[in-house]
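# Examining the three-dimensional arrangement
The chain contents come next:
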Amino acid sequence: MITAGLADALRSIVGPRWVKQRPAELTAYDSDALPGYRATPSFVVLPASRDEVIAVVRLLAQHGVPFVPRGAGTGLSGGALANDAVIIGLNRLTRIHAIDAGNRIAHVEPGVVNAVLQREVAPFGLQYAPDPSSQSACTIGGNVAENAGGPHCLKYGVTLNHVAAVTVCLPNGELVQFGDPASERDGYDLCGLFIGSEGCFGIATDVWVRLLPVAPAVRTLLADFPSLTDAARAVSAIIATGIVPAALEMMDQATIRAVEASIYAAGYPTDVAAVLLAEVDGLEAGLDADARTIERCCREAGARDVRIARTDGDRARLWQGRKKAFGALGRIAPHLVVQDAVVPRTRLPDVLETIAAIGARHGVAVCNVFHAGDGNIHPNISYDASDHAQAERVHAAMSEIMQACIDAGGTITGEHGVGLDKLGYMDALFTEPSLAAMCAVREVFDPDRRANPGKVVPVHACREWGGRR
Amino acid sequence: MTTSPTTSAGPSPLPTCALPDSPLAKAAAGLDACVHCGFCLPACPTYVNLQDENDSPRGRLLLMRRLLDGELDVRDPDVGTHMDRCLGCRACETACPSGVPYGQLLEATRATTRVARPVPLVARVVLGVFQREMLLSLVLVGARVLRATRLPDWLARVLPARLAFPFAMLASTTPARLPQASAHDRVLHRVRVRASQARRTVVRLDGCVMRGLFAHTNAATTRVLSATAHTVRSAPGQGCCGALHAHAGDLDAARDMARRNIAAFERVPDALIAVNSAGCGAMLKEYGHLLHDDPAWHARAEAVASRVRDVSELLADRLLPAAREASPAAPTARDSAHGAASSPPVRIAYDPPCHLMHAQRITREPQAVLSAIPGVELVPLVDADQCCGSAGIYNLVEPDTSDAVLAPKLRHVADARVEWLVSGNPGCLMQLGAGLMRSGSSTRAVHPIDLLDHALQAAPAERVGEPDLA
């Protein structure tokens, strides 16, 4: 129960400045990066240390109050939204406890920003491989919660593959460690289970991430195509050669134009239907051959031009443009729906055509910017919510698009998580027993269902509060 | 769950505007560009240092939206607190993929809320003085006299921090004693100026603080411009640019000051306007926006604004990189042959003023100017793109936050181990200068034009006949 006494008790743990309660102070925390959603938390608590996190969680457990962990609020599935729950912000836990270059492992707090970690390990010639597009702002804790991906996960794998261990404050306030920073542990892979649990199993207070040496050489290519379908065919052709690109990304014309109008303009051609950004890295020997093979695949698929980044600066610009593309879409119209589906790579050409047809039928403009190599597509629709008829069309189109992805043998999220936004699609994807199994797993960590309630698994599946939203 | 909509994607029916005809309502289109991606968070000095999303650009944009929607009141003290805490450094603008015009939105918000929430006394006094030309001149004369007594140096050391800081700021404006180069270095280290450049006519913005406390930098600016094929003319009748007033939301006062300056600069038509203060340059370049509602002045404002150049923009294509020794520590054979070793280069670091880097988006030109200064080594400064906490009169009005923002800057400067910290804006120079002085650092803050001028004073420029090296 939320009482006046609870607020005072929270203040005594973290200090008065770090408990937010008044309406204006809650405003910044009533949404995350998912456009169009809003939920007002009861309080926002910003602890500064693991001990404070534990004390806060214990106190909330005593009062039976639900909570939602939040990093930088850059998530795109509404996972950090809290309705009648307390937000526990982890953004003040920013210490990098240790960088063990010899064992290639770093021990960090959950509030460390992904790009800050990259910057700190760079002097050792190391990198943290997962590079979500929001890496300049998003936190490692959030990455763990969402099992974040990124362009380079095509070759290097997602967050799951790069976390050795986590210390977790369970929803009852108990502290446990999953995984082992030093070695593989026998028994169930609880660390693996925790990663991607979207804040429903507890709060990671310590994360041990694996580091990789920075590849000694890299080639980045930009190919442009007269149609999305041609670009999608090139993707399948490249993968079929056996080359594993470090990244293989696609952007369509609407996205390119938004990026080129922004401060992150990278010099993408604005008169083409799509560009493919391909990167290969590794030992110097053989890279040029790989780059030539990729170029050939692109040209055979109909590419008008293929160019290679000449300098590090050129390469960085190409990547900045791609990574900031989502934010740049705000230029097109005031409102935006973002999606995150995965389809089998070979189905990309026809799924993209289907998406375009759905968009055309509903009279909405779909922008595509996505991780083509993984088949992880992000169809986004920009629109003006003050036009209600348009908003209805946008939603209808998006539902059809998601269904088309599922019908193509795909799934509803590649990296953004289910959160709140994709809850409605879970029934279409999973059977009743599968959803019940998920609920049973959750029960183990959070029997009272107080950690990020109402997310990931539809509530009716857990027979909790009954009924669909 | 009452979480807004899942059935109709996007926000529920848009509420009608609660503040019709307010400056914020007029600027509201800019808010629509924000998709709250959060990419502005790490760029924002107040978010980074205060660790609260209420003190982030995204958080403030949400507050603005709720003011317009009528969900929050313009008198809400929390809204005021978080709007006041914004430095207005606009680092979020150079991080924003969507091009949200944050600076304009902030000024419009402050103009809207100040009706209900008067500005603090300190700010009122300072803004009042800067608005009155005679009074300002008197205050600046007084400040110069006080500075000459060396009393501020002493007060900066003995007073408690809060009181000492303004005195440290004043003391730090004392013209820097730059190192005297040896005769040998003077020969070796000459500023190299491109010959055969078309002569340009410029008029200098004299400024207010620049005129009052940085007269030496103004004089240096004229000398440097003259040495690089510029004819410098004067524009009588100009005064303070009004930036401080605009940032505080007193847009009417800022407009009055803008009109006076526009009229003054119109008397020297066709001349480019050379500005050595980044904050003033940003303001002058935005006169068109400031007066966009004034049909009689808008076109005139745009015309004057289009002539404004930061001094580094004028110099960048006229200077060539200075000769650098291959290994500063080891004298070259040629040096030995001349019987004299050259001095090791002086370590300097560049701290870009926010209103140059983020507001005017000028980054390459200052680098070109610095690379033209002989005998110095430019050392990288960590987080140089973060504000120093000066932000006009912010350090006087919000001293706690200003200190919090300045602290990491001073740490990074200490780590860089430089003799000179270079920045092209009087506010930054005073903030950094005072911070360095109070922390007992031997590093001094200096305007890049002072350093360049010093080199030009030591030895006449070498005119290099290359037509174009770009």
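Residues numbered from 1 in each chain as written. Chains lettered and ligands numbered in written order. Predicted model: local features only at pLDDT ≥ 70, side-chain atom pairs only at ≥ 80, totals over all residues.

### Let's talk about the overall build of chain B
Within chain B one finds 26 helices and 11 strands. The C-alpha radius of gyration computed for chain B amounts to 23 Å, which stays within 12% of the reference 23 Å derived for 470 residues, consistent with globular compactness. When its C-alpha atoms are laid out on the principal axes, chain B stretches across 85 × 50 × 45 Å. Burial status across chain B gives 51% buried among its 470 residues. By sequence separation, contacts in chain B at least 24 residues apart represent 78% of the contacts at least 6 residues apart. (Helix = DSSP H or I, 4+ residues; strand = E, 2+ residues; numbered from the N terminus. Rg over C-alpha atoms; globule rule 2.2 N^0.38 Å. Buried ≥ 20, exposed ≤ 12 C-beta atoms within 10 Å, placed from the backbone. Contact = placed C-beta atoms within 7 Å.)

### Some remarks on the interface of chain B and chain A
Listed as interface residues are 41 residues of chain B and, on the opposing side, 52 residues of chain A. Contributing elements (two or more residues each) for the side of chain B that touches chain A: helix H4 (57-69) and helix H5 (77-84) of chain B. Take the side of chain B that touches chain A: its biggest share by element is five residues, from H4(B). Considering only residue class, the side of chain B that touches chain A consists of 18 nonpolar, 16 polar and seven charged. (Nonpolar A, V, L, I, M, F, W, Y, C, P; charged D, E, K, R; others polar.)

### Structural notes on the domain arrangement of chain B
How big an interface is tends to be expressed through the accessible area that disappears when the partners come together. Residues and elements named next belong to chain B. According to the domain assignment, chain B consists of domain 1 (23-113) and domain 2 (170-180 + 319-324 + 342-464). Facing the 14 residues of domain 1 at the interface are 14 residues of domain 2. Within the side of domain 1 that touches domain 2, the residues separate by chemical class into five nonpolar, five polar and four charged. (Domains from an automatic or database assignment.)

### Remarks on the sheet that holds strand E4 (residues 86-89) of chain A
Residue and element names in this part refer to chain A. Across the sheet, four strands lie side by side as E1-E2-E4-E3; this open sheet has mixed pairing. Each having just a single partner strand, strand E1 (19-20) and strand E3 (67-70) make up the two edges of the open sheet. Those strands touched by helix H3 (residues 50-63) are strand E2 (43-45), E3 and E4, and its axis lies near 170 degrees from that of E4. (Pairing = 2+ DSSP bridges. Axes fitted to C-alpha atoms, helices over the stretch in contact; angles between N-to-C directions.)

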